[in-house]
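Tertiary structure, described
What follows is each chain in one-letter form.
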Amino acid sequence: MLLKYYMRELFSPGKALKARYEDFKVLLVEDDRSLEFIADLQETFYGVRPVDKARVGKLYMGLLDSVGSMTARLEAMRPLRYRVLREKLTEIDRLIKEELKEPELSGEAPYTISLEQAAGNFDLAGGKGANLGRIISETDFNVFSGFVVTTHACNRLISENGLREKIDAELSEALLCRHSELFSRCEQMTDYVMKSEIPHEVMKAVTRGVENLKSVYGENTLFAVRSSAWAEDGEFSFAGQYETFLNVQAEDIPSAYLGVLASKYSPRAVTYRILRGLSDASTPMAVVVMPMVDAQAAGVAYSSDAGGSGRQNISVHSVPGLGEALVDGSRNAGVSIFKRDDSLELLDSYGESGIGTEYLKTVAGTALELEKVFKTPQDVEWAVDKSGNVFVLQSRPFHPEEEGPLEVDLDEEPILSGLAGISTGWGSGRIIRLHDAQDPAEAPRGSVVVFETLAPNLTRCLDRVEAVIGTSGARASHFATVAREYGIPVVVGDGYEISALEDGQLVTVDALNGMIYPGRQESLVVAAEERRRKVREDSLARYNRLIPLITTLNMTDPEADNFTQDACSSIHDIIRFTHEKGVNEMFRIIGDSGRGMSRSRKLKTDLPLTVYVLSLDSDFPGRRKESLSIADVGCLPMQELWSGIEAEETVWDNNMPHMDWERFDQVSAGIFSSESHFLSSYALVASDYVHMMIRFGYHFSIIDSVCGTESKNNYVKFRFKGGGADFDGRLLRLSFIDRVLRAGGFSVTLRSDMLDAELSRQDADKTTRALNLLGRVLARTRMLDMKLSDMGDVDNMADEFIENLYSFKVLRVDGDEDQ
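Think of each chain on its own: its residues are numbered from 1, step by step along the sequence as written. Selection of residues for local features in this predicted model requires a pLDDT of at least 70, selection of side-chain atom pairs for listing and counting requires 80 or more, and totals for whole chains, interfaces and linings are taken over all residues. For side-chain calculations, the full set of non-hydrogen atoms in the structure is used, while hydrogens and water are omitted.

Our next topic: the pairing of strand β7 (residues 313-320). Burial classes: relative accessible area under 20% of the type maximum marks a residue as buried, over 50% as exposed, and values in between as partly exposed (1.4 Å probe, protein chains only). In this text, helices come from DSSP runs of H or I with a minimum length of four residues, and strands from runs of E with a minimum of two, each type numbered from the N-terminal end. Counted residue by residue, β7 has 7 buried out of 8 residues, so it is predominantly covered. One ladder, built from 5 bridges, connects β7 with strand β8 (residues 334-338); its direction is antiparallel. Of the residues in β8, the one forming a bridge with Ser-315 is Ile-337. Between any two strands, pairing holds if DSSP finds at least two bridges.

Take the pattern of salt bridges next. Any Lys or Arg side-chain nitrogen found within 4 Å of a carboxyl oxygen on Asp or Glu counts as a salt bridge. Evaluation of the coordinates by the stated rule reveals 42 salt bridges. The shortest N-O distance in the salt bridge between Glu-181 and Arg-178 comes to 3.9 Å. We classify Arg-178 as partly exposed; its relative accessible area is 41%. Its salt-bridge partner being Arg-739, residue Asp-795 comes within 3.2 Å of it at the nearest N-O pair.

Space inside and on the surface of the protein is sampled on a 1 Å grid over the protein atoms alone, with a cavity defined as a set of points where a 1.4 Å probe fits but cannot get out and a pocket as an open set with protein on both sides within 12 Å along at least 5 of 7 lines; lining residues have an atom within 4 Å of a point. Grid points are joined across faces, edges and corners, and a volume is the space filled by probe spheres set on the points. If you walk through the whole model with that rule in mind, you get 8 cavities of 30 Å³ or more. The calculated volume of the second largest cavity comes to roughly 60 Å³. Lining of the second largest cavity is provided by Cys-154, Leu-157, Ile-158, Ile-167, Val-193, Leu-261, Lys-264, Tyr-265 and Met-285. Of the residues forming the lining of the second largest cavity, the biggest block, 3 residues, is contributed by helix α6 (residues 151-160).

Attention shifts here to the state of the cysteines. In protein structure, a disulfide is the covalent linkage between the sulfur atoms of two cysteines. Cysteine sulfurs are considered disulfide-paired once they come within 2.5 Å of each other. Applying the stated rule across the entire model yields 0 disulfides. As a non-bridged cysteine, Cys-635 has Cys-707 as the owner of its nearest cysteine sulfur, 8.9 Å distant. What makes Cys-635 buried here is its relative accessible area of 0%.

This next bit is on the sheet that holds strand β17 (residues 506-510). In space, the 7 strands of this open sheet follow the order β12-β16-β15-β14-β13-β17-β18, with mixed pairing throughout. Strands with a single pairing partner mark the edges of an open sheet, and in this sheet they are β12 (420-423) and β18 (515-518). Taking each pair of neighbouring strands and ignoring which way they run, the sheet shows an average axis angle of 35°. Of the pairings in the sheet, the one linking strand β15 (residues 467-472) to strand β16 (residues 490-492) comprises 3 bridges and is parallel in character. Within the sheet, the bridge partner assigned to Gly-470 lies in β16 and is Val-492. In this analysis an axis means a line fitted to C-alpha atoms, helices contributing only their contacting stretch, and an angle means the value between N-to-C directions, from 0 to 180 degrees.

So, on to helix α5 (residues 122-138). Here a helix's expected span is defined as the number of its residues, less one, multiplied by 1.5 Å. If you check α5, its first and last C-alpha atoms are just 16 Å apart, much less than what 17 residues at 1.5 Å a residue would give, namely 24 Å. For α5, the principal kink sits at Lys-128 and spans about 85°. Two axes enter the definition of the bend at a residue: one is fitted to the seven residues ending there, the other to the seven starting there, and the bend is the angle between them.

Stacked, tilted and edge-to-face are the three classes applied to pairs of Phe, Tyr and Trp rings, where Trp contributes its six-membered ring and a pair requires centres within 6.5 Å; stacked means planes under 30 degrees apart, edge-to-face means over 60, and tilted covers the rest. Tallied over the entire structure, the rule returns 11 aromatic pairs. Relative to Tyr-715, the ring of Phe-24 lies with its centre 6.3 Å away and its plane at 85°, an arrangement referred to as edge-to-face. Note that Phe-24 is positioned in helix α2 (residues 13-45) and Tyr-715 in strand β25 (residues 715-722), a separation of 691 residues in sequence. The class of Tyr-715 is buried, set by a relative accessible area of 2%. A network of ring pairs unites the aromatic residues Tyr-21, Phe-24, Tyr-689 and Tyr-715 as a single cluster. By definition, being over a ring means that NZ of Lys or CZ of Arg is both within 6 Å of the ring centre and within 35 degrees of the ring normal. Here the basic side chain of Lys-166 rests over the ring of Tyr-192, its NZ or CZ set 5.4 Å away from the ring centre. When the ring centre of Tyr-272 is taken as reference, the NZ or CZ atom of Arg-276 above it lies at 6.0 Å.

Pasting the structure below:
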């Protein structure tokens, strides 16, 4: 490659110019693509658009591919100079892949363990199984014997059926905001699991476990098959996210087992897991199998529950029969409040409990004792069988609600009051009413949503809404449990009263006091803002090792001493450095000699200026002509620059050829024609690119510009150096140019008698006007170093020139322009 590069530079300079331009074009495309990947990753890292870790990995691999292509093109433009950049990319990539790597998950036996063996073993038994095992081992409470199909069994099933790659492929494209597409991808992942084969050794272990239970509880025993995912019932509840199968016959347990595994990929479960920052691969599913309780009543107890009262008590929520109607939100519960001490005094009760107070008191005492076992408030699921025995079905940490003011002093009267706050907090937004059949993810961001039933699948809207209002639902429901984790206020009230709320009406929900106020009550929504801040902080903490390696930009100043290959410490740094150096390589594409311009065409012009044009496109309009008009060139930035140079207000002296006089003076006193290539000006052009060197007397200017439809790729770079006057005169001219270009939005740097200016990432309109401005500046300043005597002259001429630019519409008076 290196030999080919130098051979081309020496013997085919015209081809070398075109090859460098082709590399540059690809570099710009990949730069644009890279920055899109950076933007997507930043949205994830900063909590704006949570995604599965599989998508983070896919986005990064796309980014790596683009950045690798960028650096390769830069190295092709100037071999050897940028080898260190490739080494930096390799090193940063190694560190990133270490962070993205998922832990190795075992698929080896044991595939089932008893609940006693599951005690505290979250890795094998998941949260529910590990907690039930501890209750069996450390207390005398009633817990049916059962077994856990371990996380290793799940890993084995996924591995043997080749599901990891398929599932990751779906998750890598899953976006929570694309509701129908997410639903479709979840259906596909669910289908993968349901159609998979349970590995033979796993099946043998499950069958053995079922037979053992039947030998203890009877041949006709019915079973509960329940989820126990790795992260479930711990720091995160996953309440209601996974399927539970009740009254399952022994022969149907394998199908129910697959159903629980598949429920890991329901839209609500995927949404919940992603919003909690957990990856699919790191949360394998265990499954608990245990006999059913023939329940006369069931429910949930909270061992330490303020319940909106500000005082910590024990609350017991119950319904007759099985507890499904309570936790799925379809039925309001009877509630009993007990004092948190040894007396367990009944403080209050309301609603239909379906069971006597003595049983409810036993449940309250059980919850309090379990809090002591687990050393944190507990959310206990329980049932009382037909014989009056109280059974513990599960116990998990209870996530208490936010503390806040019990009373607020507002001028406004509430629209509604007396509502039940089932997840306290405050939120403000416009009312949107969704029916139960509608996808909850359709709720507009920032809205207050009204639902009829607070079902578990409503958790899919918790990343986007400010508050939820329901006409039925209980504090013990799965939805309320998850809403409390997110800090989303939820109230429930009479359906007739709630129907009076109008769609689009701006309200503030105070779920602590059970009120809804008109408008936005600023004093009540501070807590909601704090919640958002916490979500952002949690996301930043989750990605705190990846952010500095991928998206942090340290290389901000191309003129700084540390703007070097060695200083690149992130992928974003490499993108920035590569783009800047690629533009600079094009800016220096040809030296003073004009090598490679031998096949150029002379530009036809009435100006006393000789310009040769070489097209970098093989099919430009004037390719067969000996000389070209500006219309033949077919290059938008060149045409805009030229329109400024030949603007009608500029006066040219046709008796004086404008060429490189300094070079002409150095060679044989006029032996060379004034139209010689190496004395003239030249331009390399493509449809959206120009590189032009203009020689005016004893100074020269270089313009390098891309101007197309993509603002991200557009730029204008300009260099002006030299002059025939003394040093002070040259500096005065540069001061004039500096003033004018800054008025046009350029950033300008002055060093000695050289000026560099740049304008970048602007739309085509502003870029073309910047090129037109440069043309006018070049034409106006040809001999200006001979005419300026002091800064007073500079200020007067600059003011007049800028005023004319506004009158000629080169500069615009609007909010987008500097005046």
